[in-house]
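The primary structure of each chain is shown beneath.
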There are 2 protein chains.
Amino acid sequence: MAAAVLHSHRRLLICGLVLAPVLLLASGTAFAQSDPLPSWNEGVAKRSILEFVARMSREGSTEFVKPAERIAVFDNDGTLWCEQPDYIQAVFATDRVRAMAAQHPEWKEKQPFKAVLEGDPKGLAATGEKGIAAIVGVTHAGMTTDQFTASVADWLAMARHPRFKRPYDQLAYQPMLEVLAYLRANGFKTFIVSGGGVEFMRVFAERAYGIPPEQVVGSSGAVKFEIGPDRKPVLIKEPKIEFVDDGAGKVIGINRFIGRRPVFAFGNYDGDHQMLQYTAAGDGARFMGLVHHTDAEREYAYDRQSRVGKLDKALDDATAKGWTVVDIKRDWSTIFPPAK
Amino acid sequence: MAAAVLHSHRRLLICGLVLAPVLLLASGTAFAQSDPLPSWNEGVAKRSILEFVARMSREGSTEFVKPAERIAVFDNDGTLWCEQPDYIQAVFATDRVRAMAAQHPEWKEKQPFKAVLEGDPKGLAATGEKGIAAIVGVTHAGMTTDQFTASVADWLAMARHPRFKRPYDQLAYQPMLEVLAYLRANGFKTFIVSGGGVEFMRVFAERAYGIPPEQVVGSSGAVKFEIGPDRKPVLIKEPKIEFVDDGAGKVIGINRFIGRRPVFAFGNYDGDHQMLQYTAAGDGARFMGLVHHTDAEREYAYDRQSRVGKLDKALDDATAKGWTVVDIKRDWSTIFPPAK
């Protein structure tokens, strides 16, 4: 990793020297006012985003892409919002188990619920995939889709991040919000393509990121159509995983939900690798970006050894291929938006 | 059926009397020039579309709906384009079998291919679902998604409708194209929600209807992610149906792909019934429409007994609930756009 970082620092230095005159020319008040990415420090990463968008959007440019084909995809956890110390959807699920425990006295003695109620992460980990499936089964199924949406909305209104003491949907990364807005202002359609549950993310994606439900691609459970007691049709969530939008699944998800190869993709972990490869394999100019979490002081620092958001092979590939690697400590002047 | 038709004619007469003064007031040249639905004859159906859109779009109206929530869904076969004498995707599949037969001499003696090659619809029907699966398997799988797209595009360029002698993608209904454009001009997002194959429809939906790939929901087969011989990732279509977007499946598809309940839905057959019910069950004003094929002279006349596009229960329900039933013979002054 040291070599990779060194390499990327060297590239930064070289580009810095090349770009310095350009930056000086452009450093008046007018430029500062019109900077679409004010939370990004000047450097390779910021420059690569700005230049890519300018090249694609300029009519007559050899790399011009029609607005309809300007598809940009973003991973969610660790790319658009904070995923430490635990995936937010996992926090939701365990919080729900605790809230539901009063109606389930038997959970005190039954795994994986016992481990959740006793705050025993090792015991929970020991229950493995079966344990996770049981928790997903009681927190994400056995109710209508509308009831699930309400339970997520209620939880989001109450829950706070243990370190930052904010509602989770206020832990979107300010620099990434600026990228989303900048892309949309240039005719791009922005999508989430995440391993997270699609119905979970749709509750906050529009408010937090300006991304409407129909542009959220994620993992999903099976649902069943029923005519409810009031003669109105409802969809019941079943305890059965139907699609996992992760790794190669992200490419399958893009094909199924979007039906068009992205020209711009941003991720932060090895589960985004195939999505980035697939984006890179298209004809013409493409942007591939990785957020590298390097700032333990302002956020978290983690990569190759992390349980959550492991970034290893994709980092090597990004470095080898010259994709844009965002070093949070170096590239972001701000992490989160001002508290509301 | 006679009773239903009578009932709907009676409603038309009553509404016609009520609306007559309004129509007279509005019948100047200016109105004619700005009519967004020129291929619709004046009447209940046209009026119900215009009034619904006006009510939803007018700020301050009690039925105002935010643009982000203006989701309109359309079935494809028989609603947006012609589905007679056979589903167009079925024609594609059998044409492909014939084109591939030279490489498969064994098909001459092997069902269901034998029946296709001999033009024997009864023999083909006798092979049942297994026969259809075998045809789908050779025409819709065993190739990359890009190769499939190319095979559909090539076929569309060559094939002609047996009666209208036009390319199939020029058999969109002109009145429905006007509805799509009118909705979009009023901030609606228009989606296809069809039992047809999603990758088949995406080849022509943008060109024929102005509906981009990411707004096409349909049935799909499984795909597999692979790294191709040139080290680039590809998606291989597999001979396995994964999702059938029909009947209750349309509601499941809307939930999965769009994540928002439509306010406007148009179909033409019993497989659209649940989608219309689901749309109707939302809060606030909703539009539910059915295209009833009643014009054997200019197109086709079929409903309760038809093998293709059977319309029976949904027609009864639409009549009972006062949904908009479009009678093609009565309501459409033009069927298809001018030939290109």
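Everything numeric in this text was worked out from a predicted model, so none of it was measured.

*Asks:* What am I meant to see in the packing of aromatic side chains here?
*Replies:* Enumeration over the complete set of coordinates arrives at 47 aromatic pairs over all chains. Arranged with centres 6.5 Å apart and planes meeting at 45 degrees, the rings of W155 of chain B and F200 of chain B form a pair that is tilted. Of the two residues, W155 of chain B is situated in helix α8 (residues 145–158) and F200 of chain B in helix α10 (residues 198–201); the sequence distance between them amounts to 45 residues. On the accessibility criterion, F200 of chain B (2% relative accessible area) is buried. Through a chain of ring-to-ring contacts, the aromatic side chains of W81, F92, F148, W155, Y168, F200, F204 and Y209 of chain A assemble into a single cluster. When the ring centre of Y278 of chain B is taken as reference, the NZ or CZ atom of R261 of chain B above it lies at 4.2 Å.

*Asks:* Would you mind going over the relation of the copies chain B and chain A with me for this structure?
*Replies:* To go from the first copy of the chain to the second, apply a rotation about an axis and then a shift along the same axis. Aligned on chain A, chain B shows an RMSD of 0.0 Å; the corresponding rotation is 180 degrees and the shift along the axis is 0.0 Å. On the angle and the small slide along the axis, the relation comes out as a two-fold axis. Looking at the rotation axis and the C-alpha trace of chain B, the residue lying nearest is F257 of chain B, at 3.2 Å. When the interface residues of chain B are mapped onto chain A, 100% of them again fall at the interface, so both copies present the same face.

*Asks:* Help me understand the interface of chain B and chain A in this model?
*Replies:* Interfaces are often described in size by the accessible area the parts lose on coming together. Listed per partner, the contact involves 34 residues of chain B and 34 residues of chain A. The contact between chain B and chain A buries some 3000 Å² in all, and 53% of this surface belongs to carbon and sulfur atoms. Three residues, E214, F225 and R256 of chain B, lead the burial of chain B against chain A; their summed loss comes to 22% of the area buried on that side. At the surface where chain B touches chain A, the tally comes to 10 salt bridges. R256 of chain A is the salt-bridge partner of E242 of chain B, the closest N and O atoms lying 2.5 Å from each other.

*Asks:* What's the story with the packing of helix α4 (residues 88–100) of chain B against helix α7 (residues 128–139) of chain B in this structure? I'm lost.
*Replies:* Residues and elements named next belong to chain B. It is at 9 Å that the axes of α4 and α7 come closest, and there the two elements cross at 65 degrees. Taken together, the axes of α4 and α7 are roughly perpendicular relative to one another. In the crossing of α4 with α7, the sense of the turn from one axis to the other is left-handed. Contacts between α4 and α7 involve F92, A93, R96, V97 and M100 on the former and, on the latter, I135, V138 and T139. Residues of the contact of α4 with α7, tallied by class, amount to six nonpolar, one polar and one charged.

*Asks:* It is not clear to me how helix α3 (residues 44–57) of chain A should be interpreted in this structure. Could you clarify?
*Replies:* One full turn of an α-helix is made of 3.6 residues, so residues set three or four places apart face in the same direction. All names here are of chain A. Here α3 spans 20 Å end to end across 14 residues, near enough to the 20 Å set by a 1.5 Å rise per residue. Most of α3 sits out of view: 11 of its 14 residues are buried. Along α3, the residues classified as buried are V44, A45, K46, R47, S48, I49, L50, F52, V53, M56 and S57.

*Asks:* Could you clarify how one ought to interpret the sheet that holds strand β5 (residues 233–243) of chain A in this entry?
*Replies:* Sheet strands pair by backbone hydrogen bonding; their relative direction is either parallel or antiparallel. Residues and elements named next belong to chain A. Ordered in space as β2-β5-β4-β3-β1-β6-β7-β8, the eight strands form an open sheet in which the pairing is mixed. Because the sheet does not close on itself, it has two edges, and the strands there are β2 (143–144) and β8 (324–327). Pairing of strand β6 (residues 264–267) with strand β7 (residues 287–292), which is carried by four bridges, proceeds in the parallel orientation. When the bridges of β7 are listed, G267 appears paired with L290.

*Asks:* Hey, could you run me through the pattern of salt bridges in this one?
*Replies:* Note on pairing: side chains with opposite charge can pair once their charged atoms come close. Residue and element names in this part refer to chain A. Per the counting criterion, the structure on display carries 48 salt bridges over all chains. Here R55 makes a salt bridge to E63, at a shortest N to O gap of 2.8 Å. The class for R55 is partly exposed, based on a relative accessible area of 32%. The class of E63 is partly exposed, set by a relative accessible area of 25%. Here the salt bridges share partners, and the residues they tie into one network are D35, E42, K46 and R47.

*Asks:* How should the pairing of β7 of chain A be read in this particular structure?
*Replies:* Residue and element names in this part refer to chain A. Within β7, six of the six residues are buried, which leaves it mostly tucked inside the rest of the structure. Burial along β7 is two-sided: F287, G289 and V291 and M288, L290 and H292, pointing in opposite directions, are all buried. Between the parallel elements β6 and β7, the chain passes through helix α13 (residues 273–280) in a crossover that is right-handed.

*Asks:* Just to check I follow, could you spell out the environment of V136 of chain B for this structure?
*Replies:* Within the secondary structure layout, V136 of chain B lies in helix α7. Note: C-alpha distance between V136 of chain B and V97 of chain B (39 residues apart in sequence) is 9.6 Å.

*Asks:* Explanation requested: the nonpolar core in the structure shown.
*Replies:* Of all hydrophobic cores here, the largest spans 59 residues; its most connected members are W40, F74, Y209, F264 and F266 of chain B. Look past the residues within four positions of F264 of chain B in its chain and what remains in contact with it is F52, I71, A72, V73, F74, V179, L183, F188, T279 and F287 of chain B.

*Asks:* Can you help me understand the environment of I135 of chain B in this one?
*Replies:* Residue and element names in this part refer to chain B. Along the chain, the position of I135 falls in helix α7. For the pair I135 and V116, spaced 19 residues apart in sequence, the C-alpha to C-alpha distance is 9.3 Å. For I135, the contacting residues outside a window of four places in its chain are A93, V97, P112, F113, V116 and L124.

*Asks:* What is the right way to read the pairing of strand β7 (residues 287–294) of chain B from this model?
*Replies:* It is a general feature of regular strands that their side chains alternate between the two faces of the sheet. Residue and element names in this part refer to chain B. Where burial is concerned, most of β7 is hidden: seven out of the eight residues are buried. As judged from the four bridges shared by β7 and strand β9 (residues 324–327), these two strands associate in the parallel manner. Within the sheet, the bridge partner assigned to V291 lies in β9 and is V326. Note that β7 and strand β8 (residues 301–302) share two bridges and pair antiparallel. Within β8, the residue paired with H293 across the bridge is Y302. The antiparallel pairing of β7 with β8 creates a hairpin that spans six residues between the two strands.

*Asks:* I keep staring at the packing of helix α12 (residues 248–258) of chain A against α13 of chain A and nothing clicks. Help me out?
*Replies:* For any two helices packed against each other, one specifies the inter-axial angle together with the distance between the axes. Residue and element names in this part refer to chain A. For the pair α12 and α13, interaxial distance at closest approach is 6 Å and the crossing angle is 50 degrees. On the basis of the axis angle, α12 is oblique to α13. In terms of crossing hand, the pair formed by α12 and α13 is right-handed. In this structure, α12 uses A248, K250, V251 and I254 to contact α13, whose residues at the interface are Q274, M275 and Y278. Residues of the contact of α12 with α13, tallied by class, amount to five nonpolar, one polar and one charged.

Parameters at a glance
- Residues numbered from 1 in each chain as written.
- Chains lettered and ligands numbered in written order.
- Predicted model: local features only at pLDDT ≥ 70, side-chain atom pairs only at ≥ 80, totals over all residues.
- Heavy atoms only, no water.
- Phe/Tyr/Trp six-rings, centres within 6.5 Å; stacked < 30°, edge-to-face > 60°.
- Helix = DSSP H or I, 4+ residues; strand = E, 2+ residues; numbered from the N terminus.
- Buried < 20%, exposed > 50% of the residue type's maximum accessible area, 1.4 Å probe, protein only.
- Lys NZ or Arg CZ within 6 Å of the ring centre and 35° of its normal.
- Least-squares fit on C-alpha atoms with pLDDT ≥ 70 in both.
- Contact = heavy atoms within 4.5 Å.
- Buried area = accessible area lost by both parts, 1.4 Å probe.
- Salt bridge = Lys/Arg side-chain N within 4 Å of Asp/Glu carboxyl O.
- Axes fitted to C-alpha atoms, helices over the stretch in contact; angles between N-to-C directions.
- Parallel < 35°, antiparallel > 145°, perpendicular 65-115°, else oblique.
- Left-handed = near helix turned anticlockwise from the far one by under 90°.
- Nonpolar A, V, L, I, M, F, W, Y, C, P; charged D, E, K, R; others polar.
- Expected span 1.5 Å × (residues − 1).
- Pairing = 2+ DSSP bridges.
- Right-handed = clockwise from strand over helix to strand, strands pointing away.
- Core = buried A, V, L, I, M, F, W, Y, C linked by side-chain atoms within 4.5 Å.

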